[in-house]
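Below, each chain spelled out in residue letters.
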Amino acid sequence: MRIGVFGGTFDPVHFGHLLPVEAAAMKFQLRRVFYVPARLSPHKGDTKPTDARHRVAMLALALEGRPDWSIDLEELDREPPSYTIDTLRAVAARHPDDELWLLMGTDILAGFDRWREPEAILSIARIAAFQREPFAGANVRVPVVPGLADRLSVFDAGSVKISATDVRNALAEGRSIGGKVPGPVAEYMTKQGLYKPGMSQR
Ligand code: ATP
């Protein structure tokens, strides 16, 4: 069975985390997808994300009704920063007979050569990278890593011009986030007062 592994900060989860994964699951016949929230992102320096309990709660709401997709708490249980190679080794140990596919946007792929043990990652998983605005088309940078070309599929999942930064900024400025996150996630953020200036959320 093919399993997609999709890491991120998910601060908060939005449709850019859902629609491209749906497209990848269809295209590559991924029977399961594990969403792996990072404790701290090695890609995002020192910025501290929102409390994991909120990020996980929002992910759970976003994944409601999709029994094949689940949240993997692997990285939240380990000391930060979260390295993908450690996560993949743990997932592979739990699913020795399955084929792992690492999912990511092309913005993240561009820095793949700076990840910890990229060649070991490629020995465990294939990579499916979906194009991300404004990184789509000619701007896609595929780094030079031995073995990457054979294990990589870059595809156009239909561009979704949303980032978590947009969502946080919109909420902080009192602008609408209509259509950027699933309804239950929007309700949760409102109820919990997340991302509003002056509210304690981290
Ligand atoms: P932030 O704005 O805080 O940097 P983000 O929206 O990029 O957050 P992450 O949780 O950092 O979200 O992203 C997790 C993964 O989702 C990454 O692989 C990223 O490339 C991908 N991703 C996020 N938004 C989109 C989008 N709109 N289209 C395609 N891929 C996306």
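Up top is the structure these notes are about.
In this text, all values refer to a predicted model and were calculated from it rather than measured experimentally.

**Describing the overall build of the chain**
No. 1: In terms of helices and strands, the chain carries 8 helices and 6 strands.
No. 2: Tracing the chain from N to C terminus, the helices and strands come up as β-α-β-α-β-α-β-α-α-β-α-β-α-α.
No. 3: The C-alpha radius of gyration of the chain comes to 16 Å, within 12% of the 17 Å expected for a compact globule of 202 residues.
No. 4: Summed over its atoms, the accessible surface of the chain is roughly 10,100 Å², and 49% of this surface lies on carbon and sulfur atoms.
No. 5: Here the chain carries 26 positive and 25 negative side-chain charges, and the mean point of each set is 3 Å from the other.

**Observations concerning the pattern of salt bridges**
No. 1: Evaluation of the coordinates by the stated rule reveals 12 salt bridges.
No. 2: Put simply, Glu74 and Arg94 hold a salt bridge, and the shortest N to O gap is 3.6 Å. Separated by 20 residues along the polypeptide, Glu74 in the loop between strand 3 (69-71) and helix 3 (84-94) and Arg94 in helix 3 bring together distant segments of the chain.
No. 3: The class of Glu74 is buried, set by a relative accessible area of 18%.
No. 4: Across the pair Arg89 and Glu117 runs a salt bridge, and its minimum N-O distance is 2.9 Å. One end of the pair, Arg89, is in helix 3; the other, Glu117, is in the loop between helix 4 (106-109) and helix 5 (118-124), and 28 residues separate them in sequence.
No. 5: The structure contains a network of salt bridges with shared partners spanning Asp72, Glu74, Arg78 and Arg94.

What counts, and where the lines are drawn
Residues numbered from 1 in each chain as written. Predicted model: local features only at pLDDT ≥ 70, side-chain atom pairs only at ≥ 80, totals over all residues. Heavy atoms only, no water. Helix = DSSP H or I, 4+ residues; strand = E, 2+ residues; numbered from the N terminus. Rg over C-alpha atoms; globule rule 2.2 N^0.38 Å. Areas by Shrake-Rupley, 256 points an atom, 1.4 Å probe, with all protein chains shown as cover. Lys, Arg positive; Asp, Glu negative; His and termini not counted. Charge placed at Lys NZ, Arg CZ, Asp CG, Glu CD. Salt bridge = Lys/Arg side-chain N within 4 Å of Asp/Glu carboxyl O. Buried < 20%, exposed > 50% of the residue type's maximum accessible area, 1.4 Å probe, protein only.

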